[in-house]
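Structure assessment
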Amino acid sequence: MRPSALALALLLPLPAFGYKRTQNGGHVYLFWGPRGHSFQIDSRGTPDVPGTSAFDAVRKSFTTWGVVTCSDLVFPEVLPLEQGDRRVGYFRGELNRNLVLWRTASCSTAVPPGDPCTTDRTCPNKYDCWDKGTGVIATTTTTSSPYTGQIFDSDIELNDSPNPIDGSKLTFTTADSPPCDPALPPVNCVSIDVQNTVTHEAGHSIGLDHTTDQTATMAAFAPAGETSKRTLHPDDIQGICAIYPRGAQTSTSLGDPISITLGGSGGCGCSSRTGSWEALLAPLGLLALRRRRRI
Amino acid sequence: MRLAAALIVSLPAAAATVRGPADVETLAAASEAVVHARVLSQESRWGGGGESSGVIYTRVLLRPLEWWKGGGAAEAIVVSLPGGTVGDLSQTVQGVATFTAGEEVVLFLRQLGRERTGLPVYDIERLALGKFSVGGLPGRPLRAMRDRGSLACQGCRAGEEDDLALDALRDRVRRAALDRP
């Protein structure tokens, strides 16, 4: 970038972006190297929703991000396997699938007393159970390079397990409306909407954190029975396009050159040459892009 | 330069979705124990079996200052959290609370088990929703503050009870523990 252009850019007012990018333990922004972020829905789905509507809702969640026209990040689906691999995390040298799965058993009841997996957090993979407590609805586990931020694997787990004390559980739904009445059985209403939840979590899986824009899909707060996060807000679109702009290099934290390594879930073996200042100023470029093109 | 500053200064963050509400009484009722403690150290490791487990966890060692609900006489406790960085891999389980050595905290806990050393091992109730950092200005009453920017909360209100006087927090936890031990 020429010095005059840099000076001009620094004089411009700050863009009113609310979106934030996720950083990992190396304090670098997360990103997918390849422009195809595959996902695989576990074939068991959720017993809360009969038929295929929960699967369709997950597919719609990823499609919602995939149809943004100012980005070319795509979300190919790896078809569910009857006997799928339900292990979450990263397995070096193996095929790492980006899973979406519901855990239907609680580790509190599934794990024999004294098993050390309870303290080293390996019970979910060992016993196919949920160990994060009844108050947690969903988590996304992302494995990445602490040096570059390149994501190697990202798995979404949803808590469909009964409370070990009283047997109560969260209820996932796919109905469009109305919000469920807490005093009535959750039938033909919205309790925890699959598409609403997974669209939000999918945003995390591509490297977006919570936004300050409270109307966006990546907002941190959600009323019970919410479905508004099924669709993206301009702030979410700005976020994905800032990281993965169509036809341009992925925006990363680090300067030239970053060697993008081949991860377990696929890689491109390419390199990003986004310089430090250029990376910092990428949102300004996006702002200019938005002025020319509706997104 | 303000643009650069605004873009460089960003928080380590991530996210998960938890259930609200986020009020003290709800959290205390859902927790097996509540402790006021100081962080001694932390270390990230691969799960049992090493790298083949596919899972990284972080072991946080704390010294209890005072139990407000449950707990015991242990001189130290362990909080085991999913995620961390080991070698060339960083694993982020989004929404999990983060710690720094020396930090004073209030934690809403559920017990996971015991280490071979006998130290009790806990998880935090509702991820970062169950952690308050204790601090304040010199000469002023201590406050307990919660950072839940990394969490999506269904049924919470923005800012709901994220900044409380430490004494008030202790009183409310103890009252809630009496109501629902």
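All values derive from a computational prediction rather than experimental measurement.

The rules we used
- Residues numbered from 1 in each chain as written.
- Chains lettered and ligands numbered in written order.
- Predicted model: local features only at pLDDT ≥ 70, side-chain atom pairs only at ≥ 80, totals over all residues.
- Heavy atoms only, no water.
- Contact = heavy atoms within 4.5 Å.
- Buried area = accessible area lost by both parts, 1.4 Å probe.
- Salt bridge = Lys/Arg side-chain N within 4 Å of Asp/Glu carboxyl O.
- Polar contact = N/O pair within 3.5 Å; in protein donor to acceptor, adjacent residues only side chain to side chain.
- Helix = DSSP H or I, 4+ residues; strand = E, 2+ residues; numbered from the N terminus.
- Nonpolar A, V, L, I, M, F, W, Y, C, P; charged D, E, K, R; others polar.
- Pairing = 2+ DSSP bridges.
- 1 Å grid on protein atoms, 1.4 Å probe; cavity = no way out; pocket = protein on both sides within 12 Å on 5 of 7 lines; lining within 4 Å.
- Points joined across faces, edges and corners; volume = space filled by probe spheres on them.
- Buried < 20%, exposed > 50% of the residue type's maximum accessible area, 1.4 Å probe, protein only.
- Phe/Tyr/Trp six-rings, centres within 6.5 Å; stacked < 30°, edge-to-face > 60°.
- Core = buried A, V, L, I, M, F, W, Y, C linked by side-chain atoms within 4.5 Å.

**Details of the interface of chain B and chain A**
Every contact between the two is made by 59 residues of chain B and, on the other side, 57 residues of chain A. Across the chain B to chain A interface the summed buried area is about 4,700 Å²; carbon plus sulfur atoms make up 55%. Run the count over chain B and chain A and you get three salt bridges. Between Glu51 of chain B and Arg92 of chain A there is a salt bridge; the shortest N-O distance is 2.4 Å. Taken together, chain B and chain A are joined by 19 residue pairs in polar contact (both at pLDDT 80 or more). Here the side of chain B that touches chain A takes six residues from helix H1 (residues 2–8) of chain B, the largest share from any one element. Grouping the constituent residues of the side of chain B that touches chain A by class yields 28 nonpolar, 20 polar and 11 charged. Examined bridge by bridge, strand S10 (residues 221–222) of chain A and strand S11 (residues 151–154) of chain B share two bridges and lie parallel to one another.

**Side note on empty space enclosed by the protein**
The full count for this structure, using the stated rule, is three cavities of 30 Å³ or more. Its volume calculated, the largest cavity comes out at about 150 Å³. Taken together, 17 residues form the lining of the largest cavity, with Val88, Arg121, Lys132 and Glu157 of chain A together with Val55 of chain B sitting closest to its centre. Of all the secondary-structure elements, those providing two or more residues to the lining of the largest cavity are helix H5 (123–127) of chain A together with strand S6 (89–93) of chain B. Counted by class, the lining of the largest cavity contains six nonpolar, six polar and five charged residues. In this structure, the second largest cavity encloses a volume near 90 Å³.

**Topic: the pairing of S11 of chain B**
Residue and element names in this part refer to chain B. Both faces of S11 are covered, namely the face carrying Leu151 and Cys153 and the face carrying Ala152 and Gln154. Judged from the four bridges that link them, strand S1 (residues 16–19) and S11 form a sheet pairing that is parallel. When the sheet's bridge partners are listed, Arg19 is paired in S11 with Gln154.

**Points about the packing of aromatic side chains**
In this structure the tally under the stated criterion is six aromatic pairs over all chains. Aromatic pair Phe39 of chain A and Phe62 of chain A: ring centres 4.0 Å apart, planes at 10 degrees, arrangement stacked. With a gap of 23 residues between them, Phe39 of chain A in the loop between strand S2 (31–32) and strand S3 (40–41) and Phe62 of chain A in helix H2 (residues 53–66) connect regions that are remote in the sequence. For Phe39 of chain A, a relative accessible area of 3% puts it in the buried group. The class of Phe62 of chain A is buried, set by a relative accessible area of 2%. Taking 6.0 Å as the distance between ring centres and 50 degrees as the angle between the ring planes, the aromatic pair formed by Trp67 of chain B and Tyr122 of chain B counts as tilted. Of this pair, Trp67 of chain B sits in strand S3 (residues 56–69) while Tyr122 of chain B sits in strand S8 (residues 120–124); the two residues are 55 residues apart in sequence, bridging distant segments of the chain.

**Regarding the nonpolar core**
One finds Val58, Phe62, Trp65, Leu158, Ile206, Ile240 and Tyr244 of chain A to be the most contacted residues of the largest nonpolar core, which totals 41 residues. Taken together, the elements giving at least two residues each to this core come down to S2, H2, strand S4 (99–103), strand S5 (136–144), strand S6 (150–159), helix H6 (194–205) and helix H7 (234–243) of chain A. A total of six residues in this core trace back to one element, the largest contributor, which is H2 of chain A. Phe62 of chain A has contacts with His37, Phe39, Phe75, Val100, Ile156, Val198, Ala202 and Ser205 of chain A, leaving out every residue within four places of it along the chain. Among the nonpolar cores identified, the runner-up in size contains 32 residues, and Trp130 of chain A together with Trp67, Phe99 and Cys156 of chain B belong to it.

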